Amino acid sequence: MTARQKTWTDVILTGDLERGDVTYVKLGSRHLAVYDAPDGIHVSAALCTHNGANLCDGYFDGHIIECPLHQGCFDIRTGTPKGAPVTRALKIFETRVSDGVVQVLA
Ligand code: FES
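Draft legend 1. Seen up close, the sheet that holds strand β1 (residues 8-13). The 3 strands are arranged β1-β11-β10 in an open sheet whose pairing can be described as antiparallel. Each edge of the open sheet is held by one strand with a lone partner, namely β1 and β10 (95-98). With direction set aside, neighbouring strand axes in the sheet form an average angle of 35 degrees. Of the strand pairs in this sheet, β1 and strand β11 (residues 101-105) are connected by 5 bridges, and their pairing is antiparallel. Looking at β11, one finds that D10 is bridged to Q103.

Following this line, the structure appears as structure tokens:
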């Protein structure tokens, strides 16, 4: 069995993003969080690695998303956990903007 080739997939128009905040997008079976950060657009899995809360309901500040359920934090540039109780990294998607559309390699 061969691995499926990743391709650039449309996620959301940049004009539909919450400015300076995080926007939830359901893409097929994936739950994505799209961040309008100071250095550009980042995309991660939307569900917290601790207990599955939707991070898009949390508090976003710069490059840190705080989970709404137990206040665990992640760096949205790397997925690195930044505070208890989260210990597992968040999945980060390679992201680009093409003709006003946010795309991820998925
Ligand atoms: S579900 Fe996110 S910190 Fe617990």
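There's plenty left to go through after this.
Draft legend 2. Structural detail: the nonpolar core. Core analysis: the biggest nonpolar cluster contains 21 residues, and V22, A33, V34, V43, L55 and I65 have the highest contact counts within it. Listing elements by their share of this core, those giving two or more residues are β3 (30-37) and β11. When sequence neighbours within four positions are dropped, the list of residues in contact with V22 reads A33, V34, Y35, C56, F60 and I65.

Draft legend 3. Structural detail: the environment of I64. Within the element layout of this structure, I64 appears in strand β6 (residues 64-66). In this structure I64 comes out as partly exposed when scored by C-beta crowding, with 17 C-beta atoms within 10 Å. For the pair I64 and P81, spaced 17 residues apart in the sequence, the C-alpha separation amounts to 9.6 Å. Here I64 is in contact with C73, D75 and K82, once residues within four sequence places are set aside.

Rules behind the numbers
- For every chain, the first residue of the written sequence is number 1, and numbering continues from 1 along that sequence.
- Whole-chain, interface and lining totals are the exception, using all residues; otherwise, since this is a predicted model, local features are given only for residues with pLDDT of at least 70 and side-chain atom pairs are given and counted only at 80 or more.
- In this scheme, strands are said to pair when DSSP sees at least two bridges between them.
- Put simply, DSSP H or I for four residues or longer makes a helix, DSSP E for two residues or longer makes a strand, and each gets a number counted from the N terminus.
- To obtain an axis, a line is fitted to C-alpha atoms, over the contacting stretch when the element is a helix, and the angle between two such axes runs from 0 to 180 degrees between their N-to-C directions.
- We define a nonpolar core as a collection of buried residues of the types Ala, Val, Leu, Ile, Met, Phe, Trp, Tyr and Cys that are connected via C-beta atoms lying within 7 Å of each other.
- Exposure in this text rests on C-beta crowding, where 20 or more other C-beta atoms within 10 Å of a residue's own make it buried, 12 or fewer make it exposed, and counts in between make it partly exposed. The C-beta atoms are placed from the backbone.
- Any residue pair is listed as a contact if its two C-beta atoms, each placed from the backbone, are within 7 Å.

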